[in-house]
Amino acid sequence: DGGITQSPKYLFRKEGQNVTLSCEQNLNHDAMYWYRQDPGQGLRLIYYSQIVNDFQKGDIAEGYSVSREKKESFPLTVTSAQKNPTAFYLCASGPDRGHTEAFFGQGTRLTVV
Amino acid sequence: AQSVSQHNHHVILSEAASLELGCNYSYGGTVNLFWYVQYPGQHLQLLLKYFSGDPLVKGIKGFEAEFIKSKFSFNLRKPSVQWSDTAEYFCAVRHGNTGKLIFGQGTTLQVKP
């Protein structure tokens, strides 16, 4: 089945710990994105990558890090520097060009206690 | 800064009423435009998209949107809403040069039966 897989669906961490969220796609998409969704604020772009081994900061990159070592994988690390990490995180992938939209995973809800 | 603005945060309509949700963006270059919908408990799905050509685009479930380049707008419309249209709607803009994909704050639509 083609698609985007985010894991886990729910994640709990203690304050001060780094945590890595997984995002894998088998759609052969070049571009991948990470968003944070908070009520009333829509989806805010954290990082995006147009090609393997390259990525760009989005609008709220502080406290987050990513890597893009493989085309199909774009993990997001929420570091202890992120002041308000509890949120719903969405990963998406899409073609770098062409008339096709981005597709979304089902999201990971991170709770930091 | 580049941004996407949705004018209405929360809209309440009765069934059969007409719908128009506003979306404006601030980016002067080539753009691809999207409307996504998120039904309760489900992940984001594409409603419609604009890449080029006819500025009036039709999507699924009777939705349409009009791209007005001079106004930097991409408003979503539906002539007659149904209770099943209750959801959150997001406008999104992808920059043609950078591939950056950003979203508006979202509009929650509640349709009363």
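The structure under discussion appears in the preceding block.
Presented here is an overview of the structure given in this document. All values reported here derive from a predicted model rather than from experimental measurement. (Residues numbered from 1 in each chain as written. Chains lettered and ligands numbered in written order. Predicted model: local features only at pLDDT ≥ 70, side-chain atom pairs only at ≥ 80, totals over all residues. Heavy atoms only, no water.)

### Thoughts on the overall build of chain A
Here is the rule: Each helix corresponds to a stretch of at least 4 residues labelled H or I by DSSP, and each strand to a stretch of at least 2 residues labelled E; elements are numbered beginning at the N terminus. What the globule rule says is 2.2 Å times the number of residues to the power 0.38, and the radius of gyration is computed from C-alpha atoms. Burial classification: accessible surface area is computed with a 1.4 Å probe over protein chains only, and a residue below 20% of its type maximum counts as buried, one above 50% as exposed, and the rest as partly exposed. In this analysis, two residues are considered to be in contact whenever any of their non-hydrogen atoms come within 4.5 Å of each other. Counted as positive: Lys and Arg. Counted as negative: Asp and Glu, with His and the chain ends omitted from the count. The atom standing in for a charge is NZ when the residue is Lys, CZ when it is Arg, CG when it is Asp and CD when it is Glu.
Each helix and strand in chain A was counted, giving 0 helices and 11 strands. Ordering the α and β elements of chain A from the N terminus gives β-β-β-β-β-β-β-β-β-β-β. Its C-alpha radius of gyration of 13 Å places chain A within 12% of the 13 Å reference for a compact globule of 113 residues. The dimensions of chain A, computed from C-alpha atoms along their principal axes, are 40 × 30 × 25 Å. Counting only residues that meet the buried cut, chain A has 49% of its 113 residues in that class. Long-range pairs, those at least 24 residues apart, make up 51% of the contacts in chain A between residues at least 6 apart in sequence. With 12 positive and 12 negative side-chain charges, chain A shows a spacing of 7 Å between the two charge centroids.

### Remarks on the sheet that holds strand β7 (residues 64-66) of chain A
Residues and elements named next belong to chain A. Quick reminder of the rule: The pairing criterion for strands is at least two bridges between them, as found by DSSP. Helix axes are fitted to C-alpha atoms over the stretch in contact, other axes to C-alpha atoms as well, and angles between N-to-C directions run from 0 to 180 degrees.
Across the sheet, which stays open at both edges, the 4 strands sit in the order β1-β3-β8-β7 with antiparallel pairing between neighbours. In this open sheet, the two edge strands, each paired with only one partner strand, are β1 (4-7) and β7. The sheet shows a mean angle of 20° between the axes of neighbouring strands, taken without regard to direction. In terms of strand pairing, strand β3 (residues 19-25) meets strand β8 (residues 76-78) through 3 bridges, oriented antiparallel.

### Considering the pattern of salt bridges
Residues and elements named next belong to chain B. Our working rule: A side-chain nitrogen of Lys or Arg and a carboxyl oxygen of Asp or Glu constitute a salt bridge if their distance falls within 4 Å.
Throughout the structure, instances matching the rule amount to 9 salt bridges over all chains. In this structure, the salt-bridge partner of Glu64 is Lys58, at a minimum N-O distance of 2.9 Å. What makes Lys58 exposed here is its relative accessible area of 64%. One salt bridge in this structure joins Glu64 and Arg77, with 3.4 Å as the shortest N-O distance. You can see Glu64 sitting in strand β8 (residues 64-68) and its partner Arg77 sitting in strand β9 (residues 73-78), a full 13 residues away along the chain. When its relative accessible area of 19% is taken as the criterion, Glu64 is described as buried. Given a relative accessible area of 23%, Arg77 falls into the partly exposed group. When salt bridges with common partners are traced through the structure, they connect Lys58, Glu64, Glu66 and Arg77 into a single cluster.

### A few points about the pairing of β9 of chain B
Residue and element names in this part refer to chain B. Taken across its 6 residues, β9 has 5 buried, putting it largely inside the fold. Bridge count between strand β3 (residues 19-21) and β9: 3 bridges; the pairing is antiparallel. For Leu19, the partnering residue across the bridge sits in β9 and is Lys78. Bridge count for β8 against β9 is 5 bridges, and the pairing is antiparallel. The residue of β9 that forms the bridge with Glu64 is Arg77. Between β8 and β9, which pair antiparallel in sequence order, lie 4 residues; one of them, Phe72, sits at a positive phi of approximately 50°.

### So, the state of the cysteines
All names here are of chain A. To keep it simple, the criterion reads: Any pair of cysteine sulfurs within 2.5 Å is marked as a disulfide.
As enumerated under the stated definition, the model contains 2 disulfides over all chains in all. Linked covalently through their sulfurs, Cys23 and Cys91 form a disulfide whose S-S length is 1.9 Å. On the sign convention where negative means left-handed, the S-S torsion of about -75° between Cys23 and Cys91 marks this disulfide as left-handed. Of this pair, Cys23 sits in strand β3 while Cys91 sits in strand β9 (residues 87-94), and the two are 68 residues apart along the sequence.

### Thoughts on the environment of Leu110 of chain A
Residues and elements named next belong to chain A. With respect to the element layout, Leu110 can be found in strand β11 (residues 108-112). Residue classification places Leu110 among the buried residues on the basis of a relative accessible area of 0%. Placed 101 residues apart in sequence, Leu110 and Lys9 show a C-alpha to C-alpha distance of 8.5 Å. Setting aside residues no more than four positions away along its own chain, Leu110 makes contact with Leu11, Arg13, Val19, Val78, Pro85, Thr86, Ala87 and Tyr89.

### Structural notes on unusual backbone geometry
Leaving glycine aside, a negative phi is the common case for residues, and trans is the common case for peptide bonds. Residue Pro8 of chain A is bonded to the preceding Ser7 of chain A through a cis peptide linkage, with omega at -10°. In this structure, Asn28 of chain A is a non-glycine residue whose phi angle is positive, near 60°. By the element assignment, Asn28 of chain A lies in the loop between β3 and β4 (31-38). Using a relative accessible area of 58% as the deciding quantity, one classes Asn28 of chain A as exposed. Backbone geometry places Lys61 of chain B, a non-glycine residue, at a positive phi of 60°.

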